[in-house]
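Spelled out from the first residue to the last, the chains are:
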Amino acid sequence: MFEYELHQVRSAELIEEAERFRLARFARKQAKARRAERRAQDQDAERPVSTGRSDRRRAPRTA
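Basis of the calculations
Residues numbered from 1 in each chain as written. Predicted model: local features only at pLDDT ≥ 70, side-chain atom pairs only at ≥ 80, totals over all residues. Heavy atoms only, no water. Helix = DSSP H or I, 4+ residues; strand = E, 2+ residues; numbered from the N terminus. Buried < 20%, exposed > 50% of the residue type's maximum accessible area, 1.4 Å probe, protein only. Areas by Shrake-Rupley, 256 points an atom, 1.4 Å probe, with all protein chains shown as cover. Salt bridge = Lys/Arg side-chain N within 4 Å of Asp/Glu carboxyl O. Patch = residues over 30% accessible without salt bridge, like charges linked within 9 Å, V, L, I, M, F, W, Y side chains within 5 Å. Lys, Arg positive; Asp, Glu negative; His and termini not counted. Charge placed at Lys NZ, Arg CZ, Asp CG, Glu CD.

Draft legend 1. The arrangement of the overall build of the chain in detail. Across its full length, the chain holds one helix and zero strands. Buried residues in the chain amount to 0% of all 63 residues. Entry remark: accessible area of the chain is about 6,900 Å², with carbon and sulfur atoms responsible for 53%.

The following block contains the structure:
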């Protein structure tokens, strides 16, 4: 009987440990997504304003 109770306790500990691991993995994934989103927003904010004209050089027209 004692061994059965030890087995149940150990099983419960392993289940809790697995749940903590899953929660930690989920938190890291969410943090990574938030960092990527912030990075994307920062890049959008730092983009130069469009002046409406293109930066490429055009060849002069031939007559």
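Don't stop here, the text continues.
Draft legend 2. Structural context of the pattern of salt bridges. One pass over the structure, following the stated rule, counts two salt bridges. The salt bridge partner of Glu-13 is Arg-10, with a shortest N-O separation of 3.6 Å. Taken together, the residues span about one helical turn, with Glu-13 and Arg-10 both in helix 1 (residues 2-46) at a distance of three residues. The shortest N-O distance in the salt bridge between Arg-22 and Glu-19 comes to 3.0 Å. Of this pair, Arg-22 and Glu-19 both sit in helix 1, three residues apart, which is roughly one turn of that helix.

Draft legend 3. Examining a positive patch on the surface more closely. A surface patch of like charges, here positive, comprises Lys-32, Arg-34, Arg-35, Arg-38 and Arg-39. One can find Arg-38 in helix 1.

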